[in-house]
Amino acid sequence: MKFVVQKFGGTSLVDEEMRRKVAARAVETKQEGYFPVVVVSAIGRLGEPYATDTLLSYAGCNKELSPRESDLLMSCGEIISGVVMAATIQKLGHPAIFLTGGQAGIITDNGYNNARILKVDPQFVIKHAQEGKIVVVAGFQGITKEGEITTLGRGGSDTTAAALGVALEASCVDIYTDVEGIMTADPRIVSDARPLGTVTYNEICQLAHEGAKVIHPRAVEIAMQKDIPIRIKCTFSDAPGTLVTKHSEVYRSTIDITRDRIITGITHIPDITRIKVSTKDNLDVPVFQSKLFKALALAGISLDFINVQPESVHFTVKSSVAARAKQILENMDINPEILPGCAKVAVVGAGMTGVPGIMAKIIEALSEEKVQILQSADSYTTIWILVKKEDTERSIRVLHRQFKPSE
């Protein structure tokens, strides 16, 4: 059986006209000889009556709402969306059936609000597809071995689609959004940003982790398990979108690859605070450093951009938790230096591995624009720089201009 998993986000489902377009895409896929499995998110965004954040707002005054109950509440959005989508497909004259995440075989651990998928048993999906039905599945949710409903965290519908794609050994997983694929930069910042025809799994994971919001990195990591291709496409356009695969060269026959691309895209994460702690006056620096990191970990504060030196420790946190991190350190008689209002800008590209001069070009471009680099780090596929908030957009534009990933 040739399955194609198609995931549609909430903005693709907000009204009857849009839902009919989604249904038509599923029907078209079936007519092409595939078995479509449609994964849906909750309808709309905050303010829409059945969006996830709206559902949570109904219980906003109840501070005693447990993670279990909040998962039950949040799961309702995808159930409503899925039932409506199945009905829309049926209106087009094609049989369809809706399955919750649990009915579709998504088995998770007990991590309410951010559960991990343990296994997928798609027997009911296969059964209904064999009967000629278009199967609609609620994204973002699963069920524990004990029968408790769980949710998969923000972006969880992408994860559902990828997990089903792997379990069904699908021909591909299509992630439909309101943009025409993965862009070389945020088009709201860079006017000449362009969609990328193809990217590797590693590149898209880095782009997603560093601020690109088109697909959740967990979904990509799951699809990598069996090299299931992912296509990022626009619900309202026939543009080819972006193909995500292990090796883009495999698709030379269908995609025009004219050169080896060094840099794939520029992305960023705003609202970051840098914290610096001096270790000069400590007799046992390793013990001091260990206590520092353990205290922040026990408080559930995630650290990034960590730089441990003999006389100091630098790291960043989300600005929303900076005050709490500062208080924890002060309770340990540590007087940290706090630099709020920062942003992390990432230059991503699998082609940079082993290529000299990339950092030199970054420094050259930013220095010409009088942008101060506060901190930097690198990996095989990414170079990160920390800049002041007011320099963020200027940094993205000049780096995009320097590396020309859209060409």
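Our subject is the structure that appears above.
Undergrad: Go over unusual backbone geometry with me, naming the residues and quoting the values.
TA: The residue Phe 140 is not glycine, and still its phi comes out positive at about 75°. Along the chain, Phe 140 turns up in the loop between strand 6 (134-138) and strand 7 (141-143). According to the relative accessible area criterion, Phe 140 is buried, its value standing at 7%. Residue Asp 333 is not a glycine yet carries a positive backbone phi of 60°. For Asp 333, the position within the fold is in the loop between helix 9 (322-331) and strand 16 (337-348). A relative accessible area of 75% places Asp 333 in the exposed class.

Undergrad: Tell me about the pattern of salt bridges, and please be specific about residues and values.
TA: Tallying each qualifying case throughout the model produces 17 salt bridges. Residues Asp 53 and Arg 154 are paired through a salt bridge, measuring 2.6 Å at the closest nitrogen-oxygen approach. One end of the pair, Asp 53, is in helix 2 (residues 52-58); the other, Arg 154, is in the loop between strand 8 (149-151) and helix 5 (156-167), with 101 residues separating them in the sequence. In this structure, Glu 369 engages Arg 394 in a salt bridge whose closest nitrogen and oxygen atoms are separated by 4.0 Å. Placement of the pair is Glu 369 in the loop between helix 10 (358-368) and strand 17 (375-378) and Arg 394 in helix 11 (residues 392-403), with a sequence separation of 25 residues.

Undergrad: An account of the packing of helix 1 (residues 16-31) against helix 3 (residues 67-91) is requested, with residue identities and associated values reported.
TA: Contact geometry of helix 1 with helix 3 gives a least axis separation of 9 Å together with a crossing angle of 70°. The orientation of helix 1 with respect to helix 3, classified from their angle, is roughly perpendicular. In terms of crossing hand, the pair formed by helix 1 and helix 3 is right-handed. Along the contact surface, helix 1 presents Glu 16, Arg 19, Arg 20, Val 22 and Ala 23, while helix 3 presents Val 84, Met 85, Thr 88, Ile 89 and Lys 91. Each residue belonging to the contact of helix 1 with helix 3 can be placed in one class, and the counts come to 5 nonpolar, 1 polar and 4 charged.

Undergrad: Break down the sheet that holds strand 13 (residues 265-278) for me, citing the residues and quoting the values.
TA: Across the sheet, 6 strands lie side by side as 14-15-13-16-18-17; this open sheet has antiparallel pairing. Only two strands of the sheet have a single neighbouring strand rather than two, namely strand 14 (304-308) and strand 17. Across the sheet, the mean angle separating the axes of adjacent strands is 25° when strand polarity is ignored. Alignment of strand 13 against strand 15 (residues 312-318), held across 7 bridges, turns out to be antiparallel. Bridging from a neighbouring strand, Ile 275 pairs with Phe 315 of strand 15.

Undergrad: Can you break down the packing of aromatic side chains residue by residue, with the values?
TA: Counted by the stated rule, this structure contains 3 aromatic pairs. Ring centres of Phe 3 and Phe 35 lie 5.7 Å apart, and the angle between their planes is 45°; on these two criteria the pair is classed as tilted. One end of the pair, Phe 3, is in strand 1 (residues 3-8); the other, Phe 35, is in strand 2 (residues 35-40), with 32 residues separating them in the sequence. With a relative accessible area of 2%, Phe 3 lands in the buried category. On the accessibility criterion, Phe 35 (27% relative accessible area) is partly exposed. Summarising the aromatic geometry, the rings of Phe 8 and Tyr 176 are spaced 4.6 Å apart at their centres and angled 10° between planes, so their arrangement reads as stacked. With Phe 8 in strand 1 and Tyr 176 in strand 9 (residues 172-177), this residue pair connects regions lying 168 residues apart in the sequence. Residue class for Tyr 176 comes out buried when judged on its relative accessible area of 4%. Its guanidinium or amino end placed over the ring of Tyr 34, Lys 2 lies 4.7 Å from that ring's centre, counting from NZ or CZ. When the ring centre of Phe 305 is taken as reference, the NZ or CZ atom of Lys 344 above it lies at 5.6 Å.

Undergrad: Account for the side chain of Thr 316, with residues named and values stated.
TA: With respect to the element layout, Thr 316 can be found in strand 15. Contacts of Thr 316, omitting those with residues within four sequence positions, involve Ile 272, Thr 273, Arg 274, Ser 302, Leu 303, Asp 304, Phe 305 and Leu 386.

Parameters and conventions
Residues numbered from 1 in each chain as written. Predicted model: local features only at pLDDT ≥ 70, side-chain atom pairs only at ≥ 80, totals over all residues. Heavy atoms only, no water. Helix = DSSP H or I, 4+ residues; strand = E, 2+ residues; numbered from the N terminus. Buried < 20%, exposed > 50% of the residue type's maximum accessible area, 1.4 Å probe, protein only. Salt bridge = Lys/Arg side-chain N within 4 Å of Asp/Glu carboxyl O. Axes fitted to C-alpha atoms, helices over the stretch in contact; angles between N-to-C directions. Parallel < 35°, antiparallel > 145°, perpendicular 65-115°, else oblique. Left-handed = near helix turned anticlockwise from the far one by under 90°. Contact = heavy atoms within 4.5 Å. Nonpolar A, V, L, I, M, F, W, Y, C, P; charged D, E, K, R; others polar. Pairing = 2+ DSSP bridges. Phe/Tyr/Trp six-rings, centres within 6.5 Å; stacked < 30°, edge-to-face > 60°. Lys NZ or Arg CZ within 6 Å of the ring centre and 35° of its normal.

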